[in-house]
Amino acid sequence: MSKCDCGVESFRIRTIFHEANGRYVGQTTECPQCAPGSFEPQWLRDKIVPAYEAYPERYRKSYSEDGAVCYTSTDEARADYEAKILRPNPDDVAAKEKALQRRREWAKSQPKKLTSAQLESINSRRQQILASPAAQAAGVHAKGE
Ligand SMILES: [Zn+2]
């Protein structure tokens, strides 16, 4: 263990040698306490542990027939994991809603298609108008006549 310039004793101390014109002009030390930006964060140095050690309340310890230790997740933990997996991604939901909105706006801008019953009624009305005496007098004829 070494002592930093700031007064902290630590195993993680870095000594920086300063030079000017190729000559040694002095040295400084730094530790995670006084220069946290110069060192990797503590979580990078932490040991990776299995889930049953990190969350012991979510696992049941049991022994197999050959005596090996087994960890089984509890029903509540499994339900939580399933809920997390099945929860829709908010970005996907937003993208789907945006696409639906775009589709609705596009559909509003399109001319409406008539049903066959509507077309039938319009055609019969057209024939009535064309067959009327006023249309005959004006010289209007149905298409193809
Ligand atoms: Zn220090």
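Residues numbered from 1 in each chain as written. Predicted model: local features only at pLDDT ≥ 70, side-chain atom pairs only at ≥ 80, totals over all residues.

1. Quick word on the overall build of the protein
For step 1, the next point in the chain: Across its full length, the protein carries six helices and six strands.
For step 2, the next point in the chain: Ordering the α and β elements of the protein from the N terminus gives β-β-β-β-α-α-β-β-α-α-α-α.
For step 3, the next point in the chain: Taken over the C-alpha trace, the protein has a radius of gyration of 41 Å; the compact-globule value for 145 residues is 15 Å, which it surpasses by more than 25%.
For step 4, the next point in the chain: C-alpha atoms of the protein, sized along the principal axes, occupy 115 × 70 × 25 Å. (Helix = DSSP H or I, 4+ residues; strand = E, 2+ residues; numbered from the N terminus. Rg over C-alpha atoms; globule rule 2.2 N^0.38 Å.)

2. Concerning the pairing of strand β4 (residues 23–30)
For step 1, the next point in the chain: Burial of β4 is sparse: only zero of the eight residues sit out of reach of the surface.
For step 2, the next point in the chain: Direction of pairing for strand β3 (residues 14–20) relative to β4: antiparallel, over a ladder of seven bridges. The residue bridging Thr 15 from the neighbouring strand is Thr 29, located in β4.
For step 3, the next point in the chain: Remark: two residues form the turn of the hairpin made by β3 and β4, two consecutive strands paired antiparallel; Asn 21 in that turn has positive phi of roughly 55 degrees. (Buried ≥ 20, exposed ≤ 12 C-beta atoms within 10 Å, placed from the backbone. Pairing = 2+ DSSP bridges.)

3. Details of the domain arrangement of the protein
For step 1, the next point in the chain: With domains assigned, the protein is organised as domain 1 (1–46) and domain 2 (48–110).
For step 2, the next point in the chain: The distance between the C-alpha centroids of domain 1 and domain 2 comes to 43 Å. (Domains from an automatic or database assignment.)

4. Comments concerning the environment of Ala 138
For step 1, the next point in the chain: Tracing the backbone through its elements, the reader meets Ala 138 in helix α6 (residues 133–138).
For step 2, the next point in the chain: Sequence separation between Ala 138 and Ile 85 is 53 residues; the distance between their C-alpha atoms is 74 Å.

5. Some remarks on the pairing of strand β5 (residues 59–63)
For step 1, the next point in the chain: Counting buried residues along β5, only zero of its five residues qualify, which leaves the element largely exposed.
For step 2, the next point in the chain: Two strands pair when backbone bridges link them, and β5 and strand β6 (residues 69–73) are joined in this way by five bridges, in the antiparallel orientation. Looking at the pairing, Lys 61 lines up with Tyr 71 of β6.
For step 3, the next point in the chain: Hairpin connection between β5 and β6: a loop of five residues separates the two successive antiparallel strands, and Gly 67 in this loop has a positive phi of roughly 90 degrees.

6. What about unusual backbone geometry?
For step 1, the next point in the chain: The phi dihedral of Asn 21 falls on the positive side, at around 55 degrees, and the residue is not glycine.
For step 2, the next point in the chain: The residue Asn 21 is located in the loop between β3 and β4 in this model.
For step 3, the next point in the chain: Given 5 C-beta atoms within 10 Å, Asn 21 falls into the exposed group.

7. Focus on helix α4 (residues 90–109)
For step 1, the next point in the chain: With 20 residues, α4 should cover 28 Å at 1.5 Å per step; its first-to-last C-alpha distance of 29 Å lies within 8% of that length.
For step 2, the next point in the chain: The buried count for α4 comes to zero of 20 residues, which makes it a mostly uncovered element. (Expected span 1.5 Å × (residues − 1).)

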